[in-house]
Amino acid sequence: MSILVNKSSKVLVQGFTGTEGTFHASQMIEYGTTVVGGVTPNKGGTTHLDRKVYNTVDSCVKETGANVSIIFVPPSFAADAIMEAADAGVALVICITEGIPVQDMVKVKNFLQGRGTRLIGPNCPGVITAGECKVGIMPGFVFKKGRIGIVSKSGTLTYEAADQVAKAGLGISTAVGIGGDPIIGTTTKEAVELFMNDADTDAIVMIGEIGGGMEAEAAHWIKASGNKKPVVGFIAGQTAPPGRRMGHAGAIVGGAEDTAAAKMKIMAECGIHVVSSPADIGKTMAGIM
């Protein structure tokens, strides 16, 4: 089993009939993902992309047995969509939406505590298990099947890393885009831990960026748990000025530990193979393997 999603995952799409939902759902179906239906309020009972549309997540789950949800809902309604999916007992919720207010995500984070739902994102590209299941917006053809796991805050760097790993003669088990917002459902450390415990993953690419302490937390955990699998690390934003938000809402240097240099130093001290350019990810991984 890879992590999070595989060929037996049953996926529902929230915001199914919208432009984004329609485009990406059809791409997911084309990849071979089992999309069982979708949710758009007030459109229940109709069909879309040859699949049934439901008014609520609950009714979709009861009828289809969906256990994964992907959210293409506008920012002002997205938090509610996450909570609705969790309330319906969906085990894995992947939120693509960018621009959800931080205040809303604080409520979501509290709501999810003690529930059996894992959230990936928001503001993320999703999750793909190469050759089996794509739940996200990433270009499927880039991901060749293999035994390297990717965890990344950045969408485009996820695809870049996957492409390089493939060109180096290796492939991807699962790639997880955790999202670039300040409050996200699954941290770098949690994703790395899933890969460390996955029998189908031999090594990990960990891509972070300036802002927050997630990469340092992951690095310390990797060292404390005995560096079980090799990890190649990269931090984006090496030239970013302090105090200026760079692209992602969470990418802002707030303190000395938030800079790229500080994170790279901590990662190297914890036994991670740190590269200073994303162009070196593939060849460094090939060298280690």
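Here the structure is a predicted model, which means the values were calculated and not measured.

Participant: How do you make sense of helix 4 (residues 102-112) when you look at a structure like this?
Facilitator: Each α-helix turn comprises 3.6 residues. Residues three or four places apart therefore point the same way. Listing the buried residues of helix 4 in full gives Asp104, Met105, Val108 and Leu112. Projection of helix 4 onto a plane perpendicular to its axis shows the buried side chains occupying an angular sector of 95 degrees, all on one side. The inward-facing, buried residues of helix 4 contact helix 3 (75-87) and strand 7 (118-120). One or two steps after helix 4, the chain reaches Gly114, where phi turns positive at roughly 80 degrees.

Participant: In this structure, what is going on with the pattern of salt bridges? I would like to understand it.
Facilitator: Between side chains of opposite charge, a pair can form as their charged atoms come close. Going through the model one piece at a time under the given rule, you end up with eleven salt bridges. One network of salt bridges, with partners in common, ties together Lys153, Glu215 and Lys263.

Participant: Which parts of the structure should I look at to understand the nonpolar core?
Facilitator: Nonpolar side chains in soluble globular proteins tend to end up buried together. Counting residues in hydrophobic clusters, the biggest one holds 47 residues, and the most contacted among them are Ile70, Ile94, Val135, Val151 and Met206. In terms of residue count, the dominant contributor to this core is helix 7 (residues 214-224) (five residues).

Participant: For this particular structure, what's the right way to read the pairing of strand 13 (residues 231-236)?
Facilitator: Both faces of the sheet carry side chains from a regular strand, because those side chains alternate between them. Among the six residues in strand 13, six count as buried, and that is most of the element. The two faces of strand 13 match: Val231, Gly233 and Ile235 on one face and Val232, Phe234 and Ala236 on the other face are all buried. Each parallel crossover has a hand, and for strand 12 (residues 203-209) linked through helix 7 to strand 13 it is right-handed. Pairing geometry for strand 13 and strand 14 (residues 273-274), over two bridges, is parallel.

Participant: How should I be thinking about the layout of surface pockets in this particular structure?
Facilitator: A probe matching the size of a water molecule, rolled over the atoms, marks out where space remains unfilled. Each pocket or cavity is described by its volume, and for the largest pocket that value is around 290 Å³. Gly15, Pro41, Val73, Phe77 and Ala81 are the residues nearest the centre of the largest pocket, which is lined by 16 residues in total. Grouping the constituent residues of the lining of the largest pocket by class yields eight nonpolar, six polar and two charged.

Participant: Please clarify how the side chain of Glu215 should be interpreted in this entry.
Facilitator: Tracing the sequence through the fold places Glu215 in helix 7. Glu215 sits in the buried class, given a relative accessible area of 1%. A polar side-chain atom of Glu215 sits 3.1 Å from the main-chain amide nitrogen of Glu209. Of the polar contacts made by the side chain of Glu215, one reaches the side chain of Lys263; its length is 2.4 Å. Discounting chain neighbours no more than four positions away, the residues touching Glu215 are Lys153, Met206, Gly208, Glu209, Ile235, Lys263 and Met267.

Participant: Before we go on, may I ask you to explain helix 8 (residues 260-269) in this structure?
Facilitator: The complete set of buried residues in helix 8 reads Ala260, Ala262, Lys263, Met264, Ile266 and Met267. In this fold, the buried residues of helix 8 make contact with strand 12, helix 7, strand 13 and strand 14.

Participant: Mind showing me how you'd approach the state of the cysteines here?
Facilitator: Covalent bonding between the sulfur atoms of two cysteines defines a disulfide. What the rule picks out here adds up to zero disulfides. Left without a disulfide partner, Cys95 is nearest to the cysteine sulfur of Cys124, which lies 7.1 Å away. The exposure class of Cys95 is buried, given its relative accessible area of 0%.

Definitions and limits used
Residues numbered from 1 in each chain as written. Predicted model: local features only at pLDDT ≥ 70, side-chain atom pairs only at ≥ 80, totals over all residues. Heavy atoms only, no water. Buried < 20%, exposed > 50% of the residue type's maximum accessible area, 1.4 Å probe, protein only. Helix = DSSP H or I, 4+ residues; strand = E, 2+ residues; numbered from the N terminus. Arc of directions from axis to C-beta. Contact = heavy atoms within 4.5 Å. Salt bridge = Lys/Arg side-chain N within 4 Å of Asp/Glu carboxyl O. Core = buried A, V, L, I, M, F, W, Y, C linked by side-chain atoms within 4.5 Å. Right-handed = clockwise from strand over helix to strand, strands pointing away. Pairing = 2+ DSSP bridges. 1 Å grid on protein atoms, 1.4 Å probe; cavity = no way out; pocket = protein on both sides within 12 Å on 5 of 7 lines; lining within 4 Å. Points joined across faces, edges and corners; volume = space filled by probe spheres on them. Nonpolar A, V, L, I, M, F, W, Y, C, P; charged D, E, K, R; others polar. Polar contact = N/O pair within 3.5 Å; in protein donor to acceptor, adjacent residues only side chain to side chain. Disulfide = S-S within 2.5 Å.

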